[in-house]
Amino acid sequence: MLPLLFRLLGHKAAHNTIAAHTKDGGFLDVKLGLALLRDRRVPLLTKLLALGLGAGLMAFLLDLEAPLELVMGLLLGPLGMGIDLVADGLEAIAGPFLISGLLLPHLAPKAIVEQVRLERAGLQGGPVIDVESRPAPAARPSRRWGLIR
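Residues numbered from 1 in each chain as written. Predicted model: local features only at pLDDT ≥ 70, side-chain atom pairs only at ≥ 80, totals over all residues. Heavy atoms only, no water.

### Section: the overall build of the chain
Filter applied, for reference: Here a helix means four or more residues in a row that DSSP labels H or I, a strand means two or more in a row labelled E, and each is numbered from the N terminus. Residue contacts follow a heavy-atom distance rule, with two residues in contact if any of their heavy atoms lie within 4.5 Å.
Counting secondary structure elements, the chain contains four helices and zero strands. Each helix (α) and strand (β) of the chain, taken in turn from the N terminus, gives the series α-α-α-α. Within the chain, contacts between residues separated by at least 24 positions form 72% of all contacts whose residues are at least 6 apart in sequence.

### A look at helix H4 (residues 110-120)
Rules: Relative accessible area decides the class of each residue, using a 1.4 Å probe on protein chains only: under 20% of the type maximum gives buried, over 50% gives exposed, and in between gives partly exposed. The directions considered for the arc are those from the helix axis to the C-beta atoms.
Among the residues of H4, Ile-112, Val-113 and Val-116 are the ones counted as buried. The arc that holds every buried residue of H4, seen down its axis, measures 100°, which confines them to one face. H4 presents Lys-110 and Ala-111 as exposed residues on the side facing more than 90 degrees away from its buried surface. The secondary structure elements touched by the buried residues of H4 are helix H2 (30-38) and helix H3 (44-107).

### Here we look at H3
Since there are 3.6 residues in each turn of an α-helix, residues three or four apart along the chain are aligned in direction. Filter applied, for reference: Given a helix with a known number of residues, its expected span is that number minus one, times 1.5 Å. To get the bend at a residue, fit one axis to the 7 residues ending there and another to the 7 starting there, then take the angle between the axes.
Over its 64 residues, H3 extends only 12 Å from the first C-alpha to the last, a length that falls short of the 94 Å expected when each residue adds 1.5 Å. At Gly-77, H3 is bent by approximately 140°, the largest bend along its length, and proline Pro-78 sits one to four residues beyond.

### Section: the packing of H2 against H3
Definition in use: Comment: axis = line fitted to C-alpha atoms, over the contacting stretch for helices; angle = value between 0 and 180 degrees taken between N-to-C directions. Comment on the angle field: the value is read as roughly parallel under 35 degrees, roughly antiparallel over 145, roughly perpendicular from 65 to 115, and oblique elsewhere. For any helix crossing, the convention is left-handed if the near helix is rotated counterclockwise from the far helix by under a right angle, and right-handed if that rotation is clockwise.
The contact between H2 and H3 brings their axes to 10 Å, and the two run at 65°. In terms of axis orientation, H2 runs roughly perpendicular to H3. Crossing angle aside, the handedness with which H2 passes H3 is left-handed. Contacts between H2 and H3 involve Val-30, Leu-32, Gly-33, Leu-34, Leu-36, Leu-37 and Arg-38 from the former and Lys-47, Leu-51, Phe-97, Leu-98, Ser-100, Gly-101, Leu-102, Leu-104 and Pro-105 from the latter.

### Side note on the nonpolar core
Just so we agree on the cut-off: Residue types Ala, Val, Leu, Ile, Met, Phe, Trp, Tyr and Cys, when buried and joined through side-chain atoms within 4.5 Å, form a set referred to as a nonpolar core.
Counting residues in each nonpolar core, the largest one holds 11 residues, listed as Leu-32, Ala-35, Leu-36, Leu-37, Val-42, Ala-50, Leu-104, Ala-108, Ile-112, Val-113 and Val-116. Within the residue set of this core, elements represented by two or more residues are H2, H3 and H4. Among the elements that line this core, the one with the most residues is H2, at four residues. Those residues in contact with Leu-104 that sit more than four places away from it in its chain are Gly-33, Leu-36, Leu-37, Thr-46, Lys-47 and Ala-50.

### Comments concerning a nonpolar patch on the surface
The condition is simple: Surface patches are defined over residues having more than 30% relative accessible area and no salt bridge, joining like charges when they lie within 9 Å and nonpolar side chains (Val, Leu, Ile, Met, Phe, Trp, Tyr) when within 5 Å. Note that accessible areas follow from Shrake-Rupley with a 1.4 Å probe, and for residues the cover is restricted to the protein chains shown. Salt bridges are identified by distance alone: a Lys or Arg side-chain nitrogen within 4 Å of an Asp or Glu carboxyl oxygen.
Taken together, Leu-68, Val-71, Met-72, Leu-75 and Leu-76 make up a surface patch of nonpolar side chains, about 540 Å² in accessible area. Tracing the backbone through its elements, the reader meets Val-71 in helix H3.

### Comments concerning the packing of H2 against H4
Note the cut-off: In this classification, Asp, Glu, Lys and Arg are treated as charged, Ala, Val, Leu, Ile, Met, Phe, Trp, Tyr, Cys and Pro as nonpolar, and every other residue, Gly included, as polar.
Two numbers describe how H2 lies on H4: the axes approach to 10 Å, and their chain directions differ by 110°. On the basis of their axis angle, the class for H2 and H4 is roughly perpendicular. Where H2 crosses over H4, the handedness of that crossing is right-handed. Residue-level inspection shows Lys-31, Leu-32, Ala-35 and Leu-36 of H2 in contact with H4, the latter providing Ile-112, Val-113, Val-116, Arg-117 and Arg-120. Residue composition of the contact of H2 with H4, grouped by class: six nonpolar, no polar and three charged.

### Brief notes about the side chain of Glu-69
Mapped onto the secondary structure, Glu-69 falls in helix H3. Filtering out sequence-adjacent residues up to four positions away, Glu-69 remains in contact with Asp-84 and Asp-88.

### Thoughts on the pattern of salt bridges
This model, assessed by the stated rule, comprises four salt bridges. A salt bridge links Glu-119 to Arg-41, with the nearest nitrogen and oxygen atoms 2.9 Å apart. A residue pair is termed long-range when its members are at least 10 positions apart, and Glu-119 in helix H4 and Arg-41 in the loop between H2 and H3 qualify at 78 residues. The shortest N-O distance in the salt bridge between Glu-114 and Arg-117 comes to 2.9 Å. Highlighted residues: Glu-114 and Arg-117, both in helix H4, separated by three residues, approximately one helical turn.

And the structure:
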């Protein structure tokens with residue numbers, strides 16, 4: 001009962017902690033990072049840097065998991081080894097993309113990130129009302145000062 005309680009409370013605490021940062025435009029906005037990964041305006045070297053950092057971090061995490069996974073694979077037999085192999089493959093493929101999605105909004109040029117963020121929100125960059133291109137309205141005399149009767 002106690003492990004179940006810890007698991008439920010730990011899940012709720014982690015969810016409350018991360019929820020504020022994972023919203024659209026938050027610090028951990030993966031959707032924005034993946035949109036930047038697909039965007040042609042982001043330099044290729046920035047994308048490769050983010051993917052390389054993501055692959056390196058995933059390789060490090062997989063290396064840390066290897067001893068525990070080896071023991072679990074031996075305890076669970078061939079079925080456990082097969083499931084573990086599939087899970088490791090998914091981690092090795094999807095992990096670098098997710099990590100690069102977290103990193104790319106912080107590595108890409110700020111102007112491009114803001115422009116993509118505005119485009120995703122349905123707004124265009126720049127002013128909402130273009131004041132310079134509209135002619136100034138003609139001055140009209142006021143009745144208050146007795147200029148018009």
